[in-house]
Amino acid sequence: RGLGSWREAAMSGTVLGKAAAAARPRRKALSAEEAELFELAQAAGSGLDPEVFKVLLDLLRMNVAPLAVFQVLKSMCAG
């Protein structure tokens with residue numbers, strides 16, 4: 001990977017981090033549908049922490065591109 005893609009991932013991470021921080025205080029519990037989706041993710045072996053799952057849902061609700069979320073998560077796991 002080139003330096004440009006690293007910068008893009010870092011900038012996306014900054015944007016995602018700010019968006020997640022703004023979204024987190026809004027709610028504490030998952031809705032019934034979200035709880036079912038979380039259970040499905042757990043059954044699939046995702047191993048996601050419930051708080052991380054909530055942040056991901058909030059980001060997707062705020063129309064953050066799923067590909068951007070994926071790229072940031074991938075870069076965080078690789079680093």
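Calculation criteria
- The residue numbering used here restarts from 1 in each chain and proceeds along that chain's sequence as written.
- Thresholds applied to this predicted model are a pLDDT of at least 70 for local features of residues and 80 or more for the giving and counting of side-chain atom pairs; totals over whole chains, interfaces and linings are not thresholded and use all residues.
- Note that the side-chain values use all heavy atoms of the structure and ignore hydrogens as well as water.
- UniProt positions are given in the numbering used here, feature names are shortened, and annotations may be inferred rather than shown by experiment.
- Only runs of H or I of at least four residues qualify as helices and only runs of E of at least two qualify as strands under DSSP, and these elements are numbered from the N terminus.
- The contact definition used throughout considers only heavy atoms, calling two residues in contact when any of these lie within 4.5 Å.
- Accessible surface area values rest on a Shrake-Rupley calculation with a 1.4 Å probe, where residue burial reflects the displayed protein chains alone.
- We define a salt bridge as a contact between a side-chain nitrogen of Lys or Arg and a carboxyl oxygen of Asp or Glu at a distance within 4 Å.
- Relative accessibility decides the category of a residue: with a 1.4 Å probe and only protein chains considered, values under 20% of the type maximum give buried, values over 50% give exposed, and everything between is partly exposed.
- Expected span of a helix, by definition, is 1.5 Å for each gap between consecutive residues, and there is one gap fewer than residues.
- Any N or O atom pair separated by 3.5 Å or less is treated as a polar contact, with the protein-specific requirement of one donor-capable and one acceptor-capable atom, and with residues adjacent in sequence counted only for side-chain atom pairs.

- The protein has the name MZT2A protein in an unreviewed UniProt entry, where Odontophorus gujanensis is given as its organism.
- Turning to the protein, the UniProt record has this under Sequence similarities (unreviewed entry): "Belongs to the MOZART2 family."

1. Examining the overall build of the protein
Alright, step 1. Helix and strand content of the protein: four helices and zero strands.
Alright, step 2. The linear arrangement of helices and strands in the protein, starting from the amino end, is α-α-α-α.
Alright, step 3. Partitioning the intrachain contacts of the protein with sequence separation of at least 6 by distance along the chain shows that 59% fall at a separation of at least 24.
Alright, step 4. When the accessible area of the protein is evaluated, it comes to approximately 5,700 Å², of which 63% is carbon and sulfur surface.

2. A closer look at the pattern of salt bridges
Alright, step 1. Tallying each qualifying case throughout the model produces three salt bridges.
Alright, step 2. Residues joined by salt bridges that share partners form a network here, namely E34, D58 and R61.

3. A word on unusual backbone geometry
Alright, step 1. In the Ramachandran plot, N63 falls in the positive-phi region, its phi being about 65 degrees despite a non-glycine side chain.
Alright, step 2. Mapped onto the secondary structure, N63 falls in the loop between α3 (50–61) and α4 (66–78).
Alright, step 3. By relative accessible area, which is 69% here, N63 ends up exposed.

4. Details of α3
Alright, step 1. Taking 1.5 Å per residue as the helical rise, α3 with its 12 residues ought to reach 16 Å, and the 16 Å between its terminal C-alpha atoms agrees with that figure.
Alright, step 2. Within the sequence span of α3, burial applies to F53, K54, V55, L56, L57, D58 and L59.
Alright, step 3. Looking at where α3 begins, the residue whose side-chain oxygen comes 2.9 Å from the main-chain nitrogen of E51 is D49.

5. Side note on the side chain of D58
Alright, step 1. By the element assignment, D58 lies in helix α3.
Alright, step 2. At 3.2 Å, the side chain of D58 forms a polar contact with the side chain of R61.

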